[in-house]
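Reading the structure
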Amino acid sequence: MLCRGSSPVFTNVRFINNYASDGGAVFVEFGHAMFIDCQFIGNSAINGGAAEVSSGSTTFVRCLFADNHATSGTGSAIYSYYGDTLNIVCSTFADHTPATSPLIYLYQTNTLLTSSILAYNVCTLPVEQDWGTLTAEYLDVFGNSNGDYVGGLQDLNGINGNFSADPLFTNLPFDQFSLTENSPCIDSGDPLLPYDPDNTVADIGAFYFPHDPTPLNVWIDAINDPWIIPPTGGTVEFSARVLN
């Protein structure tokens with residue numbers, strides 16, 4: 001899909017098994033595109049296996065990138081270059097190849113990469129950056145073939161909310177990238193981001209883990225026993241004890 005000089009918003013779109021020379025699923029040029037709750041799976045290209053973005057602004061929020069490929073060494077998931085402003089928020093990057101390409105390649109790009117998982121990728125580097133600026137915070141970078149906090153992420157482990165730990169996906173061999181209950185990514189995202197639907201701090205990654213609501217136990221005791229309510233309706237008096 002080519003987005004040139006436009007400002008589209010894509011929500012809940014799955015881009016699967018596409019091929020193009022530039023941007024296997026999408027190529028954004030001179031535009032201002034936004035992708036929310038989208039999935040990029042099994043796409044391939046010469047440049048930018050899932051997405052290629054240039055000379056504009058592109059935002060990915062709660063997006064999954066998995067098993068995408070680039071043959072030229074310019075980003076098996078994303079290739080961003082020439083003055084693009086790239087924002088990647090609460091997204092998951094997993095299970096990419098080949099080993100001859102970085103996962104995300106940034107060239108003369110101003111990038112925000114936050115509250116995201118980069119795990120179990122076969123790549124030269126999780127992030128390769130040439131020129132431009134990179135703000136990388138609240139990341140879980142783990143299990144990548146040639147190291148985690150290397151290249152563009154050099155020396156960022158342990159600062160700005162970044163860490164390296166198994167994200168504990170539901171079922172990695174079957175491409176199920178939701179989080180299990182003991183994942184270190186739960187409630188570990190940027191606390192300034194909007195809260196998850198369960199009203200907790202944003203989780204790291206594309207899929208938030210819903211906390212079970214705290215059980216509320218209520219005991220009701222009649223004041224005047226027994227309760228008798230006539231068919232026409234009426235009122236009763238009772239006392240209640242609540243335990244949370």
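Report follows, based on the coordinates. (Residues numbered from 1 in each chain as written. Predicted model: local features only at pLDDT ≥ 70, side-chain atom pairs only at ≥ 80, totals over all residues. Heavy atoms only, no water.)

The strand order β2-β6-β10-β14-β17-β20 describes an open sheet built from six strands, whose pairing is parallel. The strands lining the two open edges of the sheet, one partner per strand, are β2 (9–11) and β20 (133–137). On average, each strand axis in the sheet is tilted by 5° relative to the strand beside it, whichever way the strands run. By the bridge criterion, five bridges tie strand β14 (residues 85–89) to strand β17 (residues 110–114) in an arrangement that is parallel. From the neighbouring strand, Asn87 faces β17, where its bridge partner is Leu112. (Pairing = 2+ DSSP bridges. Helix = DSSP H or I, 4+ residues; strand = E, 2+ residues; numbered from the N terminus. Axes fitted to C-alpha atoms, helices over the stretch in contact; angles between N-to-C directions.)

Backbone hydrogen bonds are what pair the strands of a sheet, in a parallel or an antiparallel way. In spatial order, the strands read β4-β8-β12; together these three strands make up an open sheet with parallel pairing. Both outer strands of the open sheet, β4 (19–22) and β12 (69–74), are each paired with one neighbouring strand and no more. Adjacent strand axes in the sheet meet at a mean angle of 10°, parallel and antiparallel pairs treated alike. Note: β4 against strand β8 (residues 44–47), three bridges, orientation parallel. From the neighbouring strand, Ala20 faces β8, where its bridge partner is Ala45.

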